[in-house]
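# Secondary and tertiary structure notes
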Amino acid sequence: LLWACLGMFIVMYLFSIGLLQGVARHVAEVAGEPRADLSGDGSKKLNELYGSFWKCILTLFLSISGADWGEFAKPLSEVGWIYSVLWVLYIVLMVFGALNVLVGLFVDIAIKASASDCAIPVQEWRRQEKELTDIVQIALQDLCAERDGVVAESECS
């Protein structure tokens, strides 16, 4: 589990670096225009979601943990289509790849644990059966006076 979480963090780290580069380039280009408006709703949302490395990591984490993907992807469309594609690639990789593998791992562990739980009663039943068989053998040997393995009718009275 630790390695899986570390792997997910590395993927988030790499994608956040790529997204941050695009956002930084976009902000620099827009700021260089004569009538740049960085206080607009799109730029505000872009800064809110992707304004720093940790904001970007948090946004990427929230996106794979049940938040609205469209809300996080829409500001990236201002940056460029390649970053929207990068976003979709991240979602596909993490949600449909890594997280499904993790769920499969947990399900496999649960199935193996339940299989061993089913084997325990069977083992207990076999142990009790052996004990009863041993008791019956000892009782029959006591009945058999000649110790030849055959109980005669005269020995049963």
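Throughout what follows, the structure given in this document is the object of discussion. Since this is a predicted model, take the numbers as computed values, not measurements.

What follows is about the packing of helix 1 (residues 2-32) against helix 3 (residues 53-64). Look at helix 1 against helix 3: their axes get within 9 Å of each other, and the N-to-C directions meet at 120°. On the basis of their axis angle, the class for helix 1 and helix 3 is oblique. Note on packing geometry: the crossing formed by helix 1 with helix 3 is right-handed. Between helix 1, through Met8, Phe9, Met12, Tyr13, Phe15, Ser16, Leu19 and Leu20, and helix 3, the contact on the second element is made entirely by Phe53, Trp54, Cys56, Ile57, Leu60, Phe61 and Ile64. By residue class, the composition of the contact of helix 1 with helix 3 is 14 nonpolar, 1 polar and no charged.

Turning next to the pattern of salt bridges. This structure, assessed with the given rule, holds 6 salt bridges. A salt bridge links Lys45 to Glu48; the shortest N-O distance between them is 3.6 Å. Of the two residues, Lys45 and Glu48 are both situated in helix 2 (residues 41-50); the distance of 3 residues between them amounts to about one turn of the helix. For Lys45, a relative accessible area of 26% translates into the label partly exposed. Judged by its relative accessible area of 46%, Glu48 falls in the partly exposed class. A salt bridge links Asp134 to Lys130; the nearest nitrogen and oxygen atoms lie 3.5 Å apart. On the criterion of helical spacing, the pair formed by Asp134 and Lys130 is a turn pair, its members being 4 residues apart in helix 5 (residues 81-143). Here Asp134 falls in the partly exposed class, since its relative accessible area comes to 32%. Look at the salt bridges and you will find they share partners, linking Lys45, Glu48 and Glu71 into a network.

Our focus in this paragraph is the nonpolar core. Ranked by size, the top nonpolar core spans 24 residues in total, and within it Leu19, Tyr50, Leu60, Leu76, Trp87, Tyr90 and Met94 carry the most contacts. Counting residues per element, the ones that place at least two in this core are helix 1, helix 2, helix 3, helix 4 (69-79) and helix 5. Those residues within four positions of Leu60 in sequence are excluded, and the remaining contacts are Met12, Phe15, Ser16, Leu19, Trp87 and Tyr90.

Cut-offs applied
Residues numbered from 1 in each chain as written. Predicted model: local features only at pLDDT ≥ 70, side-chain atom pairs only at ≥ 80, totals over all residues. Heavy atoms only, no water. Axes fitted to C-alpha atoms, helices over the stretch in contact; angles between N-to-C directions. Helix = DSSP H or I, 4+ residues; strand = E, 2+ residues; numbered from the N terminus. Parallel < 35°, antiparallel > 145°, perpendicular 65-115°, else oblique. Left-handed = near helix turned anticlockwise from the far one by under 90°. Contact = heavy atoms within 4.5 Å. Nonpolar A, V, L, I, M, F, W, Y, C, P; charged D, E, K, R; others polar. Salt bridge = Lys/Arg side-chain N within 4 Å of Asp/Glu carboxyl O. Buried < 20%, exposed > 50% of the residue type's maximum accessible area, 1.4 Å probe, protein only. Core = buried A, V, L, I, M, F, W, Y, C linked by side-chain atoms within 4.5 Å.

All we've got here are geometric facts, nothing functional implied.
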